[in-house]
Amino acid sequence: MQFFGGSEISPSPPVPTASGNNGHMIYMFNRNGVCLLYREWNPPLRTLNAQQDHKLMFGLLFSLKSLTVKMDPTSAEKGNLGVPQLPGQGCSFHSFRTNTYKLSFMESPSGIKIILVTHPRTGDLWDSLKYIYNLYVEYVVKNPLYTPGSPIRCQLFNTTLDQYMRGIA
Amino acid sequence: MAPVAPRSGDAIFANIERVNAELFTLTYGAIVRQLLTDLEEVEEVNKQLEQMGYNIGIRLIDEFLAKSNVSRCVDFRETADVIAKVGFKMFLGVTASVSNWDAEGTCCSIILEDNPLVDFVELPDTCQGLYYCNILSGVIRGALEMVSMKTEVTWIRDVLRGDDVFELQVKLLKQVPEEYPYKDDE
């Protein structure tokens, strides 16, 4: 499929903070919990089947977000835990790190969630996540053959994403 | 790390890929013309334009959020301001203004003085009920729905019908909070 490229994806890709093959996997969800994308580079050990894995990941993020908003020391009003939030309202968490991996998270106000699981010593991936969001806009949203809300099957997006991930992580 | 400040409409408009204005106007005119031929009923065409706008809006919102770096708007006033100052500027190259707020802050008017869609356009007598720019109302409704706001967008004043400016009324019906989408069956 032809892509009328020539426009620079803005912002330009951030400088890599680590070298070597650090990227493990990426997930993208929309606001209804549909897993738009799942890709892995260094095959991780997975014991759950794909469906369960996606639900688990989505549920984890949803709960973490709720929890972080309720625990926010700087915010004035505290609803009860579990009260549904407007996406983007309150604070949002960026990442968590364990001794074996680091999970970075970004959510847009339109509910698109991007999750990157990488090597634990990776630096802050906020700019990378924004760049991936830009890639999503350019290659997926603008693709007339893509139905919003369905899993992403755009070859060009996958290739560009792989290329970018190999470059930064 | 300090959050990146939202970019102004002008800055983004300068960086974004642009298309020839006349091409845009004439293409849109051709679309409306074709819809009139196919559907014949002016009301049907209005509805179809709004639906097309809705489909555009649900995708446009992601591009808008990605390129403009705006964070979540605190209230509807800010939303309307952002649409008028950044959104319209970024996509159509014109700045709109916001006025006529009602008492609760849920209903406002967005005023467009010039509108690239209607250059060279005149409405004939047979199409007097047509909202030529109805695609814009669909775009706003679609985009706001993707950020959890259910709105109703209607035209109050229309230059093609004899008024002096374009006035869109945007009314917030409700905010839809995010719910856990999976049922608790595990």
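Residues numbered from 1 in each chain as written. Chains lettered and ligands numbered in written order. Predicted model: local features only at pLDDT ≥ 70, side-chain atom pairs only at ≥ 80, totals over all residues. Heavy atoms only, no water.

A look at the interface of chain A and chain B
Listed as interface residues are 40 residues of chain A and, on the opposing side, 28 residues of chain B. Our count for the chain A to chain B interface comes out at two salt bridges. With a closest N to O distance of 2.9 Å, glutamate 138 of chain A and lysine 67 of chain B form a salt bridge. At the surface where chain A touches chain B, the tally comes to nine residue pairs in polar contact (both at pLDDT 80 or more). If you list the elements that add at least two residues to the side of chain A that touches chain B, you get α1 (50-70) and α2 (126-141) of chain A. When residues in the side of chain A that touches chain B are grouped by element, the largest group, nine residues, is from α2 of chain A. (Contact = heavy atoms within 4.5 Å. Salt bridge = Lys/Arg side-chain N within 4 Å of Asp/Glu carboxyl O. Polar contact = N/O pair within 3.5 Å; in protein donor to acceptor, adjacent residues only side chain to side chain. Helix = DSSP H or I, 4+ residues; strand = E, 2+ residues; numbered from the N terminus.)

Structural notes on a negative patch on the surface
Residue and element names in this part refer to chain B. A cluster of acidic residues, Glu22, Glu113, Asp114 and Asp119, forms a negative patch on the protein surface. Locating aspartate 119 in the fold gives a position in the loop between β2 (107-112) and α5 (134-146). Taking the relative accessible area as the measure of exposure, aspartate 119 reaches 36% and is therefore partly exposed. (Patch = residues over 30% accessible without salt bridge, like charges linked within 9 Å, V, L, I, M, F, W, Y side chains within 5 Å. Areas by Shrake-Rupley, 256 points an atom, 1.4 Å probe, with all protein chains shown as cover. Lys, Arg positive; Asp, Glu negative; His and termini not counted. Charge placed at Lys NZ, Arg CZ, Asp CG, Glu CD. Buried < 20%, exposed > 50% of the residue type's maximum accessible area, 1.4 Å probe, protein only.)

Focus on the packing of aromatic side chains
Given two aromatic rings, their pairing is described by the distance between the two centres and the angle made by the two planes. Enumeration over the complete set of coordinates arrives at twelve aromatic pairs over all chains. Where phenylalanine 96 of chain A meets tyrosine 101 of chain A, the ring centres are 6.2 Å apart and the plane angle is 65°; that geometry is what we call edge-to-face. On the accessibility criterion, tyrosine 101 of chain A (29% relative accessible area) is partly exposed. An aromatic cluster is defined as three or more aromatic residues linked by ring pairs; in this entry it consists of Tyr27, Phe29, Tyr38, Phe58 and Phe62 of chain A. One cation-aromatic arrangement involves arginine 18 of chain B over phenylalanine 13 of chain B; the distance from NZ or CZ to the ring centre is 5.2 Å. Arginine 161 of chain B extends its terminal NZ or CZ atom over the ring of tyrosine 131 of chain B, reaching a point 4.3 Å from the ring centre. (Phe/Tyr/Trp six-rings, centres within 6.5 Å; stacked < 30°, edge-to-face > 60°. Lys NZ or Arg CZ within 6 Å of the ring centre and 35° of its normal.)

Digging into the nonpolar core
Among the nonpolar cores identified, the biggest contains 78 residues, and Ile114, Tyr136, Ile152 and Phe157 of chain A together with Phe88, Leu130 and Leu136 of chain B are the most heavily contacted of them. For this core, the element with the highest residue contribution is α2 of chain A, accounting for ten residues. (Core = buried A, V, L, I, M, F, W, Y, C linked by side-chain atoms within 4.5 Å.)

Structural notes on the sheet that holds strand β4 (residues 166-175) of chain B
All names here are of chain B. What the four strands build is an open sheet, ordered β1-β2-β4-β3; its pairing is antiparallel. Strands with a single pairing partner mark the edges of an open sheet, and in this sheet they are β1 (96-99) and β3 (149-157). On average, each strand axis in the sheet is tilted by 25° relative to the strand beside it, whichever way the strands run. Judged from the six bridges that link them, β2 and β4 form a sheet pairing that is antiparallel. In the strand pairing of β4, serine 109 is matched with glutamine 169. Set on the sheet, α5 makes contact with β2, β3 and β4; between it and β3 the angle comes to about 160°. (Pairing = 2+ DSSP bridges. Axes fitted to C-alpha atoms, helices over the stretch in contact; angles between N-to-C directions.)

Quick word on the packing of helix α2 (residues 21-39) of chain B against helix α3 (residues 42-68) of chain B
Residues and elements named next belong to chain B. α3 packs onto α2 with a crossing angle of 135° between their chain directions and a minimal axis gap of 9 Å. One element, α2, and the other, α3, form an angle in the oblique class. Pair α2 / α3 crosses with right-handed handedness. Between α2 and α3, the residues in contact are Tyr28, Ile31, Val32, Leu35, Leu36 and Leu39 and Val42, Glu44, Val45, Gln48, Leu49 and Met52, respectively. Classifying every residue of the contact of α2 with α3 gives ten nonpolar, one polar and one charged. (Parallel < 35°, antiparallel > 145°, perpendicular 65-115°, else oblique. Left-handed = near helix turned anticlockwise from the far one by under 90°. Nonpolar A, V, L, I, M, F, W, Y, C, P; charged D, E, K, R; others polar.)

Comments concerning the environment of arginine 166 of chain A
Its location among the elements puts arginine 166 of chain A in helix α3 (residues 155-168). Separated by 36 residues in the primary sequence, arginine 166 of chain A and lysine 130 of chain A have C-alpha atoms spaced 17 Å apart.

Topic: α1 of chain A
All names here are of chain A. Between the first and last C-alpha of α1 there are 30 Å, a value that for 21 residues agrees with the 30 Å anticipated at 1.5 Å per step. Taken together, the buried positions of α1 are Asp53, His54, Met57, Phe58, Gly59, Leu61, Phe62, Lys65, Ser66, Val69 and Lys70. Among the residues of α1, the N-terminal cap falls to asparagine 49, whose side-chain oxygen and the backbone nitrogen of glutamine 51 are separated by 3.2 Å. (Expected span 1.5 Å × (residues − 1).)

Focus on the pattern of salt bridges
Summed over the entire model, instances satisfying the criterion amount to twelve salt bridges over all chains. A salt bridge links aspartate 162 of chain A to arginine 39 of chain A; its shortest N-O distance comes to 2.8 Å. Note that aspartate 162 of chain A is positioned in helix α3 and arginine 39 of chain A in strand β2 (residues 35-40), a separation of 123 residues in sequence. The class for arginine 39 of chain A is partly exposed, based on a relative accessible area of 22%. Across the pair arginine 157 of chain B and aspartate 164 of chain B runs a salt bridge whose closest N-O atoms are separated by 3.2 Å. Note on arginine 157 of chain B: relative accessible area 27%, which makes it partly exposed. Here the salt bridges share partners, and the residues they tie into one network are Glu138 and Lys142 of chain A together with Glu63 and Lys67 of chain B.

Topic: the confidence of the model for chain A
Residues and elements named next belong to chain A. Considering every residue of chain A, the mean pLDDT works out to 78; 73% of them sit at 70 or more. The low-confidence segment residues 1-8 (pLDDT under 50) makes eight contacts with residues lying over four places distant or belonging to another chain. In this model, residues 16-20 is a region of pLDDT below 50 whose contacts with residues beyond four sequence positions or in other chains number six contacts. (pLDDT = per-residue confidence, 0-100.)

Concerning the packing of α3 of chain B against α5 of chain B
Residues and elements named next belong to chain B. It is the contact of α3 with α5, at a shortest axis distance of 6 Å, that shows an interaxial angle of 40°. Taken together, the axis directions place α3 and α5 in an arrangement best described as oblique. Helix-helix and strand crossings are classified by hand; for α3 and α5 the assignment is right-handed. Facing Asn46, Leu49, Glu50, Gln51, Met52, Gly53, Tyr54, Ile56, Gly57, Ile58, Leu60 and Ile61 of α3, the residues of α5 in contact are Asn134, Ile135, Ser137, Gly138, Val139, Arg141, Gly142, Ala143, Glu145 and Met146. Residue composition of the contact of α3 with α5, by class: eleven nonpolar, eight polar and three charged.

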